[in-house]
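Architecture and fold: a report
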Amino acid sequence: MKTYFLPALKLTVILLVLLSGLYPLVIAGIGKFTPGHGDGETVQFKGRTVGYVLIGQKFTKDQYFWSRPSAANYQADAGAGSNKGPSNPDYLKDVKARIDTFLKHNPDVKREEIPAELVTASGSGLDPDLSPAGAKVQVARIAKARNIPQAEVNKIIDDNTEQPLLGLFGPPKVNVLKMNVALDELKK
């Protein structure tokens, strides 16, 4: 028994020090070199923090870009998907209600033009980004609500479009919070 106990105890202590002490310190150190210095990258408007770049928020007013629906009601501490499959009747009812609401607020858009991301929740329930197509389908509504030319809204989308990492990894995307702050900055 002694032949197994001592090596197991030594390995446990070594792993405890490495994984409970050194590893978290290394990760925290790396975080200090990221935007937000490990505390999360914030978005500022008029000198105050209005949100985080990587956490989606709910926008329902016509003068703003709407975010992707959230299964977690946009609560960062409860981020999760709904676990409802595409054949679940409750899920289908939710998607239909989202489509109907979107069409009511965007009368110029046809049902088949609505990107799926605007009516289905993301896996985390906190997705802060949309595809450029998901943003562009909302342009007419926002321009009308703000009484501004559609070209100004399209310029905000173009200015905030992030290309895939190294041109390879992931699709182009736009951050909804950043675009909505840019819309509010037009009032200057």
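Here, the structure is the one placed above.
Throughout what follows, the structure given in this document is the object of discussion. (Residues numbered from 1 in each chain as written. Predicted model: local features only at pLDDT ≥ 70, side-chain atom pairs only at ≥ 80, totals over all residues. Heavy atoms only, no water.)

A short note on the overall build of the protein chain
- Per the secondary structure count, the protein chain includes 6 helices and 5 strands.
- Mapped in sequence order, the helices and strands of the protein chain form the string α-β-β-α-β-α-α-α-β-β-α.
- A compact globule built from 188 residues would reach a C-alpha radius of gyration of about 16 Å, whereas the protein chain, at 22 Å, exceeds it by more than 25%.
- Considering only residue pairs separated by 6 or more positions, the protein chain has 57% of its internal contacts joining residues 24 or more positions apart.
- In the structure as shown, the protein chain presents an accessible area of about 12300 Å², 61% of it carried by carbon and sulfur atoms. (Helix = DSSP H or I, 4+ residues; strand = E, 2+ residues; numbered from the N terminus. Rg over C-alpha atoms; globule rule 2.2 N^0.38 Å. Contact = heavy atoms within 4.5 Å. Areas by Shrake-Rupley, 256 points an atom, 1.4 Å probe, with all protein chains shown as cover.)

Side note on the nonpolar core
- Ranked by size, the top nonpolar core spans 32 residues in total, and within it Phe65, Phe102, Ile114, Val153, Ile157 and Met179 carry the most contacts.
- Counting residues per element, the ones that place at least two in this core are strand 1 (42–45), helix 2 (89–105), helix 4 (139–146), helix 5 (150–160) and helix 6 (176–185).
- Ranked by residues supplied to this core, first place goes to helix 6 with 6 residues.
- Look past the residues within four positions of Ile114 in its chain and what remains in contact with it is Ile99, Phe102, Leu103, Val109 and Val119. (Core = buried A, V, L, I, M, F, W, Y, C linked by side-chain atoms within 4.5 Å. Buried < 20%, exposed > 50% of the residue type's maximum accessible area, 1.4 Å probe, protein only.)

Considerations on the pairing of strand 2 (residues 48–52)
- Sheet analysis places strand 1 next to strand 2, joined by 4 bridges and oriented antiparallel. Bridging from a neighbouring strand, Phe45 pairs with Arg48 of strand 2.
- Where strand 1 folds back onto strand 2 in an antiparallel hairpin, the turn is made up of 2 residues, including Lys46, whose phi is positive at roughly 55 degrees. (Pairing = 2+ DSSP bridges.)

Quick word on the pattern of salt bridges
- The tally for this structure, following the rule as stated, stands at 8 salt bridges.
- Across the pair Arg111 and Asp100 runs a salt bridge whose closest N-O atoms are separated by 3.6 Å. With a gap of 11 residues between them, Arg111 in the loop between helix 2 and strand 3 (129–130) and Asp100 in helix 2 connect regions that are remote in the sequence.
- Owing to a relative accessible area of 44%, Arg111 belongs among the partly exposed residues under this scheme.
- Residue Asp100 is classed as partly exposed on the basis of its relative accessible area of 32%.
- Each of the salt bridges in this network shares a partner with another, and the network as a whole consists of Lys96, Asp100 and Arg111. (Salt bridge = Lys/Arg side-chain N within 4 Å of Asp/Glu carboxyl O.)

Considering the environment of Val95
- Structurally, Val95 is set in helix 2.
- By relative accessible area, Val95 is classed as buried at 13%.
- Sequence spacing of Val95 and Arg48 is 47 residues, and the spatial spacing of their C-alpha atoms is 35 Å.
- Sequence-distant contacts of Val95, defined by excluding residues within four places in its chain, comprise Val119 and Thr120.

None of the figures reported here should be taken as evidence of function without further support.
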